[in-house]
Amino acid sequence: MADKKALHDELEALQAELVAIQHAYAQERRSAVIVLEGWDAAGKGGLIRRIAWVLDPRHLTVWPIKAPNAVERDELWLQRFWRRIPGAGEIAIFDRSWYGRVLVEPIEGLISAQSCERAYDEINAFERTLVDNDVRLVKLFLDIGADTQLERFRSRYANPAKRWKITADDIRNRARWQDYEQAYARMFERCSTAATPWTRIDANHKKKARVAAMRHIVAALGEGIDLTATPAVDPVVERFMAASD
């Protein structure tokens, strides 16, 4: 119980820091992208909820990335992600991302080996462009073992309120576990750069994983940000408050 309370208290403290960081980003017209990848049932949704429910929705967007639609399939493949990059003062969370190009698409035979090979360089150039234009980029991979995944699948199936969370795609992906292991290894090798590194989070324990992920997000987004600075006040508000004394 003591460990559970300590994790809860630390998570709340990190959430408060993240709120302050978001206010600073909005005030200073900064932007950030948080990319979440990982195994099915690794806890991406739970982590996103712990981030999103404390932040101002006016400056936050969560993008659940699925297969491209008919229009997007006729475009350059990165085009749909460029449209989702946040503007000044905004933060975006990607629940899966452009990394599908080197993960699910080649494994499912949707693109050629040549297109997949080219995509590593395209992704690195895309991300380098973001950071060169002062977009803070955080990439987290939630890692679990096959036994943990099976246990979570069983738990979801046993609970009617959560049964919708397990899909035929999850079962098909699990059958190709080794293919995904290899694809993830190549992703880390090819696309974890000094400017845009991947961080792996041990997500076999959900509460510990959420705290570990939040620690990293707060540290990465808060680096170089003065959270003690007094925010500017709109002159109209300032005059009103002065007159109301």
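Let us look at the structure shown here. Residue indices follow the written sequence of each chain, beginning from 1 at its first position. Local features in this predicted model are restricted to residues whose pLDDT is 70 or higher, and side-chain atom pairs enter the listing and the counts only when it is 80 or higher, whereas totals over whole chains, interfaces and linings include all residues. Side-chain numbers come from the whole structure's heavy atoms, not from hydrogens or water.

### Structural notes on the pattern of salt bridges
Using the following cut-off: Any carboxyl oxygen of Asp or Glu that lies within 4 Å of a side-chain nitrogen of Lys or Arg is treated as forming a salt bridge with it. Note on conventions: DSSP H or I runs of at least 4 residues are helices, E runs of at least 2 residues are strands, and numbering of each starts at the N terminus. Using a 1.4 Å probe on the protein chains alone, a residue whose accessible area is under 20% of its type maximum counts as buried, one over 50% counts as exposed, and one in between counts as partly exposed.
For the structure shown, the criterion picks out 18 salt bridges. Ionic pairing is found between Arg 96 and Asp 40, a salt bridge with its closest N-O pair at 2.8 Å. Highlighted residues: Arg 96 in the loop between strand E3 (91–95) and helix H5 (104–107) and Asp 40 in the loop between strand E1 (31–38) and helix H2 (44–52), separated in sequence by 56 residues. The class for Asp 40 is buried, based on a relative accessible area of 13%. Its salt-bridge partner being Asp 56, residue Arg 58 comes within 2.6 Å of it at the nearest N-O pair. Taking relative accessible area as the criterion, Arg 58 reaches 66% and is therefore assigned exposed. Shared partners join several salt bridges into a network, and the residues in it are Glu 37, Asp 40 and Arg 96.

### Quick look at the pairing of E3
Keep this limit in mind: Between any two strands, at least two bridges found by DSSP are needed for them to pair.
Here E3 lies mainly inside the structure; four of its five residues are buried. Judged from the five bridges that link them, E1 and E3 form a sheet pairing that is parallel. Each residue of the ladder has a partner; that of Val 33, found in E3, is Ala 92. Examined bridge by bridge, strand E2 (residues 60–64) and E3 share five bridges and lie parallel to one another. The partner of Val 62 across the bridge, within E3, is Ile 93.

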